[in-house]
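Read off the chains here:
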Amino acid sequence: MDNSYLIKTDELVKIFPMGETSIIALNHVNLMFKKAEFAGLVGPSGSGKTTLLNIIGSLDSPTEGSTTVMGQKIEDLSHKQGAELRNQHIGFIFQTFNLLPVYTVFENVEFPLLLLGLSPQERQDKVMKALEWVQLADRVKSKPAQLSGGESQRVAIARAVVKEPKIILADEPTANLDAENSHNILQTMEKINNELETTFIFATHDEKVIQYLRRKITLIDGKVAKDEVYDNPTGRGEEQ
Amino acid sequence: MIKFIIKGILRDRSRSLIPILVVIFGVFLTVLFYCYMKGAVNGFIDTGAKFDSGHVKIMSRAYDENSDQIPNDLAYIGAEQLISELKQEFPGFVWTKRIRFGGLLDVPDEAGETRAQGPVAGMALDLFTEDSLEWELLGIEDSIVRGKAPESPGEILISDEFADSLEIALGETATLISATMYGSMAAANFTVVGTVHFGISALDRGAMVADVKDIQMALDMEDAAGEILGFFENFVYREEEAGLAALKFNAKYEGDDDEFVPVMKSLHQQGGMVEMLDMINMYMPVMVTVFVIIMSIVLWNAGLIGSLRRYGEIGVRLAMGESKGHLYRSMIAESLILGCIGTVLGTAFALVIAFWLQEKGFNISQLMQSATLLINDVIRAKITPFAFVIGFIPGLLANVLGSSIAGIGIYRRKTAQLMKELEV
């Protein structure tokens, strides 16, 4: 494997059995992502975007082919090793935020650090730093129910970023947000991408997100139809 | 992480309150039922031992075979000699001789004609020997309702209810009409000096308490006794030791066909007690086991519902890198915490009620009006050291078992499926 790449899929196939038939979600996908990319998987529903994110995030395993993340082959990982990979290197951002409702903003962001076994002082410092990135340092004691949609998603970003992972996977992160909040969120993520060199991979069909992407991978029926890189995110670049 | 779990439990009432209430309720019932059963069984054994069976009982073989008829014609002769031998051979026991008898108690008027009479169930006890244990054993002085305890030969106590029905006054003479050991008619006069209420319906209908020497004389039973009862010195029944004592005693008379040789029987071996005690011994663990299973099913369902409700949380935690094993263990830890809280509260509530029942008891005399068993009219609970811990069996075991079964869903469901279900 080329070490300059964080993620590499090699002839990746994912088939979901559906009774007597089966659905091919990913069909011989070959992709590579390197450090600090700001990339998006774009395509209609059922094109395989979320399936690809799940496999990269070691939440699912391929039917055929291979996926290597941070030098580890996903298909060879046990549940525990998969959990360790996510714990140390991967952050997730969901469409529906999925904050833990009974915990405060601080505790929600702190949770991944508890799994890493950091000391209370380290956790305190990192959580406050992450909340400052998303400009929510003044809402540490709030509960998710007291936050707006935009604030909730910013907490989710802080939670994903707090352990400073190499990769953040975001599945339709702006689907439940209005335009203004979407732009705020995307700008925050872009800033983190620039400052921490975190690789962001989105699964989206939201034009607002697509405007920010520096790489757009179009999936259709589980195949890579287009893989475009933009020097200027609002413009269009050359095809790879 | 434990702190994190506890915070979640404290803040999410649906996650804590319902399981804790279920555990409290289940543990409460288990502990209370255990204490009440323990009290009832102990009371039954205790009363039966004191008034009837002793911890061991010695009778002639023929008397034993017909003991339900109280056959004093088959009583053991040579009771004093036997007791002195028993004292040497079984120093861990204290011994007393008794005669149970039936007959008519006749109350004459001034002219000597019958004014009132009624059937009597008599107990002849050693009342006047210096070291007699009967007073303490049967709580005679505490049971006196009117009058005084017998102080000299010829004085008797009769049950208060019986005295009312005979309309007999204290100090009046009553005649016992019965049969001698040799089958002829017996009549002897006694002075009623007091009335008693033992709180045992079977006795309180028509009891007569007399000194054993008076009855020996009245029924022509010199140096004879229907029954010789032995009690462990601390009055705590020990089944195994009693059985061994009986075995040792009876071995001496093995092969002797004489129907008047003495036989010893432990409390456990007397009149259906074996079956009853075996049933009681079996019943308690079965009850606890059945309860654990039922509560496990309830908590399993509660756990499943909780897990379904917490699908989002479980999915997020897995996505953040928590392993399935860690998540599973944290759910078990959570159930242990909830189980402990519920068990402690459930046990505390149950012990408060059990203490009240131990002090006040539950009066079942209305149900015992035609009873022939020697059971106290007031059934009391008994708090034993085991009562403090028995609740932990269903409280913790069922809760952890329920959560364990519910948590298996985490393993059975693929992580990606959990994540997909998050996107609602």
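A few points on the structure. (Residues numbered from 1 in each chain as written. Chains lettered and ligands numbered in written order. Predicted model: local features only at pLDDT ≥ 70, side-chain atom pairs only at ≥ 80, totals over all residues. Heavy atoms only, no water.)

1. Thoughts on the interface of chain B and chain A
Thought 1: Contact residues are listed per partner, giving 25 residues for chain B and 26 residues for chain A.
Thought 2: Here chain B is connected to chain A by two salt bridges.
Thought 3: For Glu 107 of chain A, the salt bridge goes to Lys 7 of chain B, with nearest N and O atoms at 3.0 Å.
Thought 4: Summed over the shared surface of chain B and chain A, the result is seven residue pairs in polar contact (both at pLDDT 80 or more).
Thought 5: Mapped onto the side of chain B that touches chain A, the elements with two or more residues apiece are α1 (2-11), α12 (311-319), α13 (324-360) and α15 (415-422) of chain B.
Thought 6: When the residues that make up the side of chain B that touches chain A are grouped by side-chain class, the tally is eleven nonpolar, five polar and nine charged. (Contact = heavy atoms within 4.5 Å. Salt bridge = Lys/Arg side-chain N within 4 Å of Asp/Glu carboxyl O. Polar contact = N/O pair within 3.5 Å; in protein donor to acceptor, adjacent residues only side chain to side chain. Helix = DSSP H or I, 4+ residues; strand = E, 2+ residues; numbered from the N terminus. Nonpolar A, V, L, I, M, F, W, Y, C, P; charged D, E, K, R; others polar.)

2. Some words on the sheet that holds strand β9 (residues 215-220) of chain A
All names here are of chain A.
Thought 1: Taken in spatial order, the six strands make up an open sheet running β6-β7-β8-β3-β9-β10, and their pairing is mixed. Single-partner strands in this sheet number two, and they are β6 (90-93) and β10 (223-229). Across the sheet, the mean angle separating the axes of adjacent strands is 15° when strand polarity is ignored.
Thought 2: Here four bridges tie strand β3 (residues 38-42) to β9, and the two strands are oriented parallel to one another. Within β9, the residue paired with Gly 40 across the bridge is Lys 216.
Thought 3: Sheet strands in contact with helix α2 (residues 79-89) are β6 and β7 (167-171), and its direction is about 80° off that of β6.
Thought 4: Against the sheet, helix α5 (residues 149-161) contacts β6 and β7, and its axis sits at roughly 170° relative to β6. (Pairing = 2+ DSSP bridges. Axes fitted to C-alpha atoms, helices over the stretch in contact; angles between N-to-C directions.)

3. What about the pattern of salt bridges?
Thought 1: Counted according to the given criterion, the structure contains 27 salt bridges over all chains.
Thought 2: Across the pair Glu 151 of chain A and Arg 139 of chain A runs a salt bridge, and its minimum N-O distance is 2.9 Å. Note that Glu 151 of chain A is positioned in helix α5 and Arg 139 of chain A in the loop between α4 (120-133) and α5, a separation of twelve residues in sequence.
Thought 3: Residue Glu 151 of chain A is classed as buried on the basis of its relative accessible area of 17%.
Thought 4: Where salt bridges share partners, they join Asp 52, Lys 57, Arg 100 and Glu 227 of chain B into one cluster. (Buried < 20%, exposed > 50% of the residue type's maximum accessible area, 1.4 Å probe, protein only.)

4. Observations regarding the packing of α5 of chain A against helix α6 (residues 179-196) of chain A
Residue and element names in this part refer to chain A.
Thought 1: Two numbers describe how α5 lies on α6: the axes approach to 9 Å, and their chain directions differ by 15°. Here α5 is positioned roughly parallel relative to α6, judged by the angle of their axes. Between α5 and α6 the crossing geometry is right-handed. Residues Gly 150, Gln 153, Arg 154, Ile 157 and Val 161 of α5 touch α6, and the partners they reach there are Asn 181, Ile 185, Met 189, Ile 192 and Leu 196.
Thought 2: When its residues are assigned to classes, the contact of α5 with α6 shows six nonpolar, three polar and one charged. (Parallel < 35°, antiparallel > 145°, perpendicular 65-115°, else oblique. Left-handed = near helix turned anticlockwise from the far one by under 90°.)

5. Digging into the nonpolar core
Nonpolar side chains in soluble globular proteins tend to end up buried together.
Thought 1: Core analysis: the largest hydrophobic core is formed by 39 residues, its most contacted members being Val 109, Leu 131, Ile 157, Met 189 and Phe 202 of chain A.
Thought 2: Elements with a contribution of two residues or more to this core: β3, α3 (105-116), α4, α5, β7, α6, β8 (199-204) and α7 (207-212) of chain A.
Thought 3: With six residues, α5 of chain A is the single largest residue contributor to this core.
Thought 4: Once residues within four sequence positions are removed from consideration, Met 189 of chain A is found in contact with Phe 38, Ile 93, Ile 157, Pro 173, Phe 200 and Phe 202 of chain A.
Thought 5: The next biggest cluster of nonpolar side chains, apart from the first, holds 37 residues, and it includes Phe 33, Val 69 and Leu 114 of chain A together with Val 316 of chain B. (Core = buried A, V, L, I, M, F, W, Y, C linked by side-chain atoms within 4.5 Å.)

6. Brief notes about the environment of Ile 215 of chain B
Residues and elements named next belong to chain B.
Thought 1: Within the secondary structure, Ile 215 sits in helix α9 (residues 212-218).
Thought 2: Note: C-alpha distance between Ile 215 and Gly 154 (61 residues apart in sequence) is 9.3 Å.
Thought 3: Aside from chain neighbours lying at most four places away, what touches Ile 215 is Ile 99, Phe 101, Ala 124, Leu 176, Phe 190, Met 208, Ala 210 and Asp 220.

That's the geometry; what it means functionally is another story.
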